Protein chains: 2
Amino acid sequence: MTTILPRKDLFVLPEDIIYLDGNSLGVLPKAASDRALQTINQEWGQHLIRAWNSAGWMDLPRVVGNRIARLIGAPEGSVATGDTLSIKVYQALAAALKMRPDRKTILSDSGNFPSDLYMAQGLIDTIGQGYRLKTVTHSEMLDAIDDDTAVVMLTHVDYRSGQMYDMKAVTEAVQSAGAVMLWDLAHSAGAVPVDLAASQAEFAVGCSYKYLNGGPGAPAFIYVRPDIVADIQPALSGWLGHAAPFAMEHDYRPAFGTERMRVGTPPIVQLAILDAALDVWDEVDMADLRKASVALSECFIEEVEKRCPDLELASPRDPALRGSQVSFKFENGYAAIQALIARGVIGDFREPNIMRFGFTPLYLDLDDVRKAAQILGEIMDTDAWNDPKFMTRAKVT
Amino acid sequence: MTTILPRKDLFVLPEDIIYLDGNSLGVLPKAASDRALQTINQEWGQHLIRAWNSAGWMDLPRVVGNRIARLIGAPEGSVATGDTLSIKVYQALAAALKMRPDRKTILSDSGNFPSDLYMAQGLIDTIGQGYRLKTVTHSEMLDAIDDDTAVVMLTHVDYRSGQMYDMKAVTEAVQSAGAVMLWDLAHSAGAVPVDLAASQAEFAVGCSYKYLNGGPGAPAFIYVRPDIVADIQPALSGWLGHAAPFAMEHDYRPAFGTERMRVGTPPIVQLAILDAALDVWDEVDMADLRKASVALSECFIEEVEKRCPDLELASPRDPALRGSQVSFKFENGYAAIQALIARGVIGDFREPNIMRFGFTPLYLDLDDVRKAAQILGEIMDTDAWNDPKFMTRAKVT
């Protein structure tokens, strides 16, 4: 049984807001607060330390990992949850470099999300020994892989443009050049169909606070291809990735399978909220979701281009090459986004000139999208963005 | 103004339970669930992405860090929060090794909490190049420091015995041998007075789910001595430790001060709960807390030794050498702890034979301690632990 989208009744949607920023922080699922209260008041408050067993806390990272696995085409037991996406990037890169000891280059997209590049730089700086990070543009990527490339780290859907790599083709090219493939699914999980198993990629990582609606700072996830996981010696070898955490052994022995990618004590309250947020996905067919997503973004592009000649599409025009987001370039994009927010349409701005809009079919419909385009048209027609109050940069945009 | 201890009215204390496991997971502060609901329903639900500014989410790790700083004798701005204790150990060790490039040894206590040793092993394995972890016993520690020792990593209060290192004296010895000092304050923060500034230690790390009552998987913290932080290039160089996270620069530039030890997007719900849990500490004088803690543990030792000749004290007898916990050795300790829990006294067991009891003066009084000792005495008198139902090991003890 699949759900007819959208399912607005399952989410808290503030009145007079059209939320096109679910690709940055997804909205609150109605089930989240009750689950948080149960975890806090019943489990923590009443069971106390016993809740690690009685309330299933020890298993929660695995349970949640398996629910995410289904959404990204990964087999049961292949996804571990916890920590942040940056930490998971580090774990995957460190493991990938160990798999190709004679190669010294991490190759990535120069437009990749900065934290992925920063974590690579930190890892390289920690190891030393001639390792380097090389970045090239999307179009230069395949030609840039050479016999020094240990691992290629790419974000499947570009955070600025929404441009989507062909996961299967790129993975094949990377692996045929002898390198290891790491995909960042931050803008893919819950947004577009992903078939990790079919791609044969060795690693994938992602976060759960965007399309999966896990809440601010929700736990991240990491996928390791099952046939290689037994050989991985985790760099971040924490006690909950140990084969027997409570045996309190002196030496690290990795746990079975992807469980070894766990590190420290997991954030139980946030995992419980994420688990509640994942309930809605049990009935979602990713092909249906993709259809709805494309319809929303096609409609938005058409309406915006009709109304706003000063905005230039910064995303691929072919929906097959886009994720579930659409960006437009505008020199005064920062102010225009602030003007939009002031009128109840929440999108976001990304340096240097990108107005970004995410389309989350679980709680957006075509009327929302048309209305958002109409308000954007009014702002552009009247230069409403040209107001000092929209020019001041806040800390987070 | 200081609080007269205990302040049981501020906590949820389940009926018919005497909780001597606050050193593993502290009880629920009454303020926590309202704060969680505010964060979830108002901030996330209504403000959505705007809450990073409007609800102060971006600043929350720093705000919480400053509140913890006061409890461990650290200056404002010197403590960053987030991630897990294991991650913070890795960050501190990686930074320490960079400070002493000619030295290859991490020295630690063979009885240190395993995850600290595991993280050191993972770091060494990542770097390679002849680094090693050397562990010795508490009594051998000072003699084991040599001119290859880059960093000494010690848990201030031993998780099994409760034995406490003299922070100032040990730090002085370590530094006079040219090594860097890293303290793990897992069983110290909120348990015993700590004066990091006076100790001159370079690094300290800790968790907040024990004596600080931050809840299961609450965020960890890291202290870096202010005069050295500007030279640290973080190994885990995530975007929220960048000088300008939202400038989306290609290259990592560390943020000012200890903020550079932040990594990825912080767990906002758990940070908010921890912030609420820290409210009670604003009125607590650590010297008063220590007095109450010693009174509780002295009473417990006296009562248990009077009633239970088969139990052997596994903690230092001198309270000045103990943290806020007391352990007894007993061959059938696991079963005895289960029998205690079945009668409403929650302590915990640590391999191989340690019955461990934590004393949290915020919500325990002398009557609790006497009653717990009495129940333990009854169990030992009647061999009530000698029951198959108490012998089966659960996953977490």
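Residues numbered from 1 in each chain as written. Chains lettered and ligands numbered in written order. Predicted model: local features only at pLDDT ≥ 70, side-chain atom pairs only at ≥ 80, totals over all residues. Heavy atoms only, no water.

- As recorded by an unreviewed UniProt entry, chain A carries the name Kynureninase and is attributed to Thalassococcus halodurans.
- The annotation that UniProt attaches to chain A under Sequence similarities (unreviewed entry) is "Belongs to the kynureninase family." (UniProt positions renumbered as here; feature names shortened; annotations may be inferred.)

1. Examining the overall build of chain A
Moving on, step 1. Looking only at helices and strands, chain A features 13 helices and 15 strands.
Moving on, step 2. Relative to the globule expectation of 21 Å for 397 residues, the C-alpha radius of gyration of chain A, 22 Å, shows essentially globular dimensions.
Moving on, step 3. Along the three orthogonal principal directions, the C-alpha set of chain A runs to about 70 × 55 × 40 Å.
Moving on, step 4. Out of the 397 residues in chain A, the part that is buried amounts to 64%.
Moving on, step 5. Approximately 13300 Å² of chain A is accessible, and the part contributed by carbon and sulfur atoms is 49%.
Moving on, step 6. In chain A, which carries 37 positive and 52 negative side-chain charges, the distance between the mean positions of the two groups comes to 2 Å. (Helix = DSSP H or I, 4+ residues; strand = E, 2+ residues; numbered from the N terminus. Rg over C-alpha atoms; globule rule 2.2 N^0.38 Å. Buried < 20%, exposed > 50% of the residue type's maximum accessible area, 1.4 Å probe, protein only. Areas by Shrake-Rupley, 256 points an atom, 1.4 Å probe, with all protein chains shown as cover. Lys, Arg positive; Asp, Glu negative; His and termini not counted. Charge placed at Lys NZ, Arg CZ, Asp CG, Glu CD.)

2. Concerning the pairing of strand E12 (residues 325-329) of chain A
All names here are of chain A.
Moving on, step 1. When you tally the buried positions in E12, you get four out of five residues, the bulk of the element.
Moving on, step 2. Pairing analysis gives two bridges linking strand E11 (residues 312-313) to E12, with the strands arranged antiparallel. Paired with Glu312 across the strands is Lys329, a residue of E12.
Moving on, step 3. Relative to strand E15 (residues 354-358), E12 runs antiparallel, the two being bridged by five bridges. From the neighbouring strand, Lys329 faces E15, where its bridge partner is Ile354. (Pairing = 2+ DSSP bridges.)

3. Observations regarding helix H4 (residues 85-99) of chain B
Moving on, step 1. If you check H4 of chain B, its first and last C-alpha atoms are 21 Å apart, about what 15 residues at 1.5 Å a residue would give, namely 21 Å.
Moving on, step 2. Within H4 of chain B, 13 of the 15 residues are buried, leaving the element largely enclosed by the surrounding structure. (Expected span 1.5 Å × (residues − 1).)

4. Looking at the relation of the copies chain B and chain A
Moving on, step 1. Between chain B and chain A, the superposition needs a rotation of 180 degrees and an axial shift of 0.0 Å, giving an RMSD of 0.0 Å. Such values leave the two copies arranged in the relation of a two-fold axis. The rotation axis passes nearest to the C-alpha of Ile127 of chain B in chain B, at a distance of 2.3 Å.
Moving on, step 2. Of the interface residues in chain B, 100% have counterparts in chain A that sit at the interface too, so the contact is made through matching surfaces. (Least-squares fit on C-alpha atoms with pLDDT ≥ 70 in both. Contact = heavy atoms within 4.5 Å.)

5. Observations regarding the sheet that holds strand E12 (residues 325-329) of chain B
Strands pair in a sheet through their backbones, by hydrogen bonds, and they do so in one of two ways: parallel or antiparallel.
Residue and element names in this part refer to chain B.
Moving on, step 1. Pairing within the open sheet is antiparallel, and its four strands lie in the order E11-E12-E15-E14. Each edge of the open sheet is held by one strand with a lone partner, namely strand E11 (312-313) and strand E14 (348-350).
Moving on, step 2. This element, helix H11 (residues 286-307), spans E11, E12 and strand E15 (354-358) of the sheet and lies at about 20 degrees to E12. (Axes fitted to C-alpha atoms, helices over the stretch in contact; angles between N-to-C directions.)

6. Quick notes on the domain arrangement of chain A
All names here are of chain A.
Moving on, step 1. In terms of domains, chain A is made up of domain 1 (8-29 + 285-390) and domain 2 (58-282).
Moving on, step 2. In this assembly, 32 residues from domain 1 lie in contact with 23 residues from domain 2.
Moving on, step 3. Considering only the side of domain 1, the residues that lose the most area to domain 2 are Met286, Gln325 and Leu362, jointly responsible for 23% of the buried surface there.
Moving on, step 4. Across the domain 1-domain 2 interface, the total number found is 14 residue pairs in polar contact (both at pLDDT 80 or more).
Moving on, step 5. When residues of the side of domain 1 that touches domain 2 are traced back to their parent elements, those giving at least two are helix H11 (286-307), E12 and E15.
Moving on, step 6. Within the side of domain 1 that touches domain 2, the residues separate by chemical class into 15 nonpolar, twelve polar and five charged. (Domains from an automatic or database assignment. Buried area = accessible area lost by both parts, 1.4 Å probe. Polar contact = N/O pair within 3.5 Å; in protein donor to acceptor, adjacent residues only side chain to side chain. Nonpolar A, V, L, I, M, F, W, Y, C, P; charged D, E, K, R; others polar.)

7. Some thoughts on the packing of aromatic side chains
Aromatic ring pairs: the centre-centre distance and the angle between the two ring planes describe each pair.
Moving on, step 1. For the structure on display, the rule yields 25 aromatic pairs over all chains.
Moving on, step 2. Judged by centre distance (5.7 Å) and plane angle (80 degrees), the rings of Tyr90 of chain A and Tyr90 of chain B are edge-to-face. Linking Tyr90 of chain A in helix H4 (residues 85-99) with Tyr90 of chain B in helix H4, this pair reaches from one chain into another. Considered together, Tyr90 of chain A and Tyr90 of chain B belong to a single accessibility category, that of buried residues.
Moving on, step 3. Between Phe113 of chain A and Trp239 of chain B, the aromatic rings sit 4.9 Å apart at their centres with planes inclined by 75 degrees, giving edge-to-face as the arrangement. Of the two residues, Phe113 of chain A sits in the loop between strand E5 (105-109) and helix H5 (114-127) while Trp239 of chain B sits in the loop between helix H9 (226-229) and helix H10 (268-277), which places them in two different chains. For the pair shown, Phe113 of chain A and Trp239 of chain B are each scored as buried.
Moving on, step 4. Among the aromatic side chains, those forming a connected cluster through ring pairs are Phe113 and Tyr159 of chain A together with Trp239 and Phe246 of chain B. (Phe/Tyr/Trp six-rings, centres within 6.5 Å; stacked < 30°, edge-to-face > 60°.)

8. Notes on the side chain of Asp21 of chain B
Moving on, step 1. Tracing the backbone through its elements, the reader meets Asp21 of chain B in the loop between strand E2 (18-19) and strand E3 (28-29).
Moving on, step 2. As a buried residue without a salt bridge, Asp21 of chain B has its nearest oppositely charged side chain in Arg356 of chain B, at a separation of 4.4 Å.
Moving on, step 3. The residues touching Asp21 of chain B, leaving out its near neighbours within four places in the chain, are Ile49 of chain A together with Ile346, Gly347, Asp348, Arg356 and Gly358 of chain B. (Salt bridge = Lys/Arg side-chain N within 4 Å of Asp/Glu carboxyl O.)

9. Some details on the UniProt feature "modified residue: N6-(pyridoxal phosphate)lysine" (unreviewed entry) in chain A
Residues and elements named next belong to chain A.
Moving on, step 1. Under the UniProt annotation, "modified residue: N6-(pyridoxal phosphate)lysine" (unreviewed entry) lies at Lys210.
Moving on, step 2. What makes Lys210 buried here is its relative accessible area of 11%.
Moving on, step 3. In contact with Lys210, other than residues within four places in its own chain, are Gly22, Asn23, Ser24, Gly26, Ala186 and His187.
Moving on, step 4. Among the polar contacts made by the side chain of Lys210, one reaches the main-chain carbonyl oxygen of Asn23 at a distance of 3.4 Å.

10. So, the pattern of salt bridges
Residue and element names in this part refer to chain B.
Moving on, step 1. One pass over the full model with this rule turns up 42 salt bridges over all chains.
Moving on, step 2. The salt bridge partner of Arg67 is Asp282, with a shortest N-O separation of 2.8 Å. Linking Arg67 in helix H3 (residues 60-71) with Asp282 in the loop between H10 and H11, this pair joins segments that are 215 residues apart in sequence.
Moving on, step 3. On the basis of relative accessibility, which here comes to 48%, the residue Asp282 falls in the partly exposed class.

11. Re the environment of Leu154 of chain B
Residue and element names in this part refer to chain B.
Moving on, step 1. Position of Leu154 among the secondary structure elements: in strand E7 (residues 149-155).
Moving on, step 2. Look at Leu154 and you get buried, because its relative accessible area is 0%.
Moving on, step 3. Leu154 sits 20 residues away from Lys134 along the chain, and the two C-alpha atoms are 12 Å apart.
Moving on, step 4. Apart from residues lying up to four places away in sequence, Leu154 is in contact with Ser108, Asp109, Asn112, Met141, Tyr165, Val170, Met181, Leu182, Trp183 and Asp184.

12. Some remarks on the interface of chain B and chain A
Moving on, step 1. Taken together, the contacts link 87 residues of chain B with 87 residues of chain A.
Moving on, step 2. Carbon and sulfur atoms make up 66% of the surface buried where chain B meets chain A, a total of about 7600 Å² over both sides.
Moving on, step 3. The largest share of the area that chain B buries against chain A comes from Trp44, Tyr118 and Met248 of chain B, three residues that together contribute 11% of it.
Moving on, step 4. Between chain B and chain A we count zero salt bridges in total.
Moving on, step 5. Where chain B touches chain A, the interface holds 36 residue pairs in polar contact (both at pLDDT 80 or more).
Moving on, step 6. Of all elements in the fold, only E3, helix H1 (31-47), helix H2 (51-54), H4, helix H5 (114-127) and H10 of chain B reach the threshold of two or more residues within the side of chain B that touches chain A.
Moving on, step 7. Take the side of chain B that touches chain A: its biggest share by element is eleven residues, from H5 of chain B.
Moving on, step 8. Each residue belonging to the side of chain B that touches chain A can be placed in one class, and the counts come to 48 nonpolar, 28 polar and eleven charged.

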